[in-house]
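Reading the structure
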Amino acid sequence: MSYPVLMKLTDFLATVALASALLPATELHAAQDPRSHPTKESVGDRPATPPAGDANTPASDLAPREEMPKETRSNLQELVDLMVGSFSSEKQHKEDSENFFDIRLHMAPIWKDISSDEKGYWLYVEQATAAMPDRPYRQRVYHVTVEYVSDASGTATPVFKSAVYLLPGTPQEVLKFTGAWKDEKKLEGVTPEKLILRDGCTVVMSRTAEGRFEGATVGKGCPSERGGAKYATAEVHVNKDGLQTWDRGYNDKDEQVWGAEKGGYRFERGETARSPK
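A count of helices and strands for the chain gives 4 helices and 13 strands. In the chain, buried positions account for 52% of the 277 residues. Of the accessible surface of the chain, which amounts to about 12600 Å², a share of 51% is contributed by carbon and sulfur atoms.

Looking now at the nonpolar core. Membership of the largest hydrophobic core comes to 32 residues, with the highest contact counts inside it found for L79, M83, M107 and V238. Ranked by residue count, the leading element in this core is helix α2 (residues 70-83), at 5 residues. Counting 17 residues, the second-largest nonpolar core is a separate cluster that includes W111, Y165, L167 and W181.

Looking now at α2. For α2, built from 14 residues, the straight-helix expectation of 20 Å at 1.5 Å per residue is met to within 8% by its first-to-last C-alpha distance of 20 Å. Those residues of α2 that fall on the buried side of the exposure criterion are T72, N75, L76, E78, L79, V80, L82 and M83. Positive phi shows up at G85, right after α2, with a value of about 150°.

Counted under the stated rule, the structure contains 1 disulfide. The disulfide partner of C201 is C222, and the S-S distance across this bridge is 1.9 Å. Its torsion about the S-S bond being 85°, the disulfide of C201 and C222 is classed as right-handed. Placement of C201 in the loop between β6 (196-197) and β7 (203-209) and of C222 in strand β9 (residues 222-223) is noted, with a sequence separation of 21 residues between them. Owing to a relative accessible area of 0%, C201 belongs among the buried residues under this scheme. Under the relative-accessibility criterion, C222 is labelled buried at 4%.

Moving on, we get to the pattern of salt bridges. If you walk through the whole model with that rule in mind, you get 13 salt bridges. With its nearest N and O atoms 3.3 Å apart, the salt bridge here joins R248 to E235. Here R248 is found in strand β11 (residues 242-250), whereas its partner E235 is found in strand β10 (residues 231-239), with 13 residues between them in sequence. A single burial state applies to R248 and to E235, both of which are buried. A cluster of three or more residues bridged by salt bridges with shared partners is formed by E90, K94, D102 and R104.

This part takes up the environment of G221. Mapped onto the elements, G221 comes out in the loop between β8 (212-216) and β9. With 20 residues separating them in the primary sequence, G221 and C201 have C-alpha atoms 6.8 Å apart. Ignoring any residue separated from it by four or fewer positions in sequence, one finds G221 in contact with D199 and G200.

Here 2 bridges tie strand β1 (residues 85-88) to strand β13 (residues 265-269), and the two strands are oriented antiparallel to one another. Across the sheet, S88 pairs through a bridge with E268, a residue of β13. Relative to β13, β11 runs antiparallel, the two sharing 4 bridges. Within β13, the residue paired with Q244 across the bridge is R266.

Once that is clear, we can look at unusual backbone geometry. Glycine aside, negative phi is the norm for most residues, and most peptide bonds take the trans geometry. Within the chain, W111 stands out as a residue other than glycine whose phi angle is a positive 50°. Its relative accessible area of 9% is what places W111 among the buried residues. For D254, which is not glycine, the phi torsion reads 65° and is therefore positive. With respect to the helices, strands and loops of the structure, D254 is situated in the loop between β11 and β12 (256-259).

Procedures and definitions
- Once a new chain begins, its residue numbering starts again from 1 and follows that chain's sequence as written.
- At least 70 in pLDDT is required for a residue's local features to be given in this predicted model, at least 80 for side-chain atom pairs to be given and counted, and no such filter applies to totals for whole chains, interfaces and linings, which use all residues.
- To obtain the side-chain values, all non-hydrogen atoms of the structure were used and water was disregarded.
- The numbering of helices and of strands both runs from the N terminus, where a helix is a DSSP run of H or I of at least 4 residues and a strand a run of E of at least 2.
- Summary of the burial criterion: residues with accessible area below 20% of their type's maximum are buried, those above 50% are exposed, and those between are partly exposed, where the area comes from a 1.4 Å probe applied to protein chains only.
- With residues, only the protein chains shown are counted as cover, and all accessible areas are computed by Shrake-Rupley using a 1.4 Å probe.
- Among buried residues, those of type Ala, Val, Leu, Ile, Met, Phe, Trp, Tyr and Cys that are joined through side-chain atoms within 4.5 Å constitute a nonpolar core.
- Each helix should span, by expectation, one fewer than its residue count multiplied by 1.5 Å.
- The rule for a disulfide is simple: a pair of cysteine sulfur atoms within 2.5 Å.
- Here, a salt bridge means any Lys or Arg side-chain nitrogen found within 4 Å of an Asp or Glu carboxyl oxygen.
- The contact definition used throughout considers only heavy atoms, calling two residues in contact when any of these lie within 4.5 Å.
- Strands are treated as partners if at least two bridges between them are detected by DSSP.

Structure, rendered in structure tokens:
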């Protein structure tokens, strides 16, 4: 069985090729250096993008697709299982406190009634410094889906996408959702249609080995105005031990203006958040 061709595999590999020294708080993906992100992302970084229910229709509202191969289902579920949990950069902070903060990252499944292999899985994401766990500086919703790309011969290969959404409201208003990773009731009244897609900031991943996924944002398509930046990039490794993420912002001269410089954040897996099953 085949899925619609989205792009040539060669183009995909070129756009998501990882830097040789990759280390995540990507938009997965998530751990931005709080020194350049002291409270919340600036309003200027909240793109004027239609809600998820309009032009950016979520996969859950798309027309039904052909039956997904068993192996692809298994790989998608594997990725979601690896992303769900509570993570800490405490060890990295102790090794290099000058360049890395002690950050706590939580990802938990939400909206199970509208989540499936075909429609994708929704995750609530929260990130805060260990010193201020109740004042997160990043709160997001990720929509993890699978799509197919094909090479010149027509061979289809699954790729996994983690689309990034902003919660509705001002940065101060969004704080009311703090702790939703352990109590989904805090998101009562929030639906996919009320989210705001961070257009161009989707992380595209491939399964590189059993229990390992790697990926990145595509090109310069993720806008950012923080610190004089024009665009941002995110690179991600996900495995059974945790996450490695690297977020960076660049100006119109392709010079880095924010984000870690010596490598990304390493998040070690701690206690498990709510199960996606």
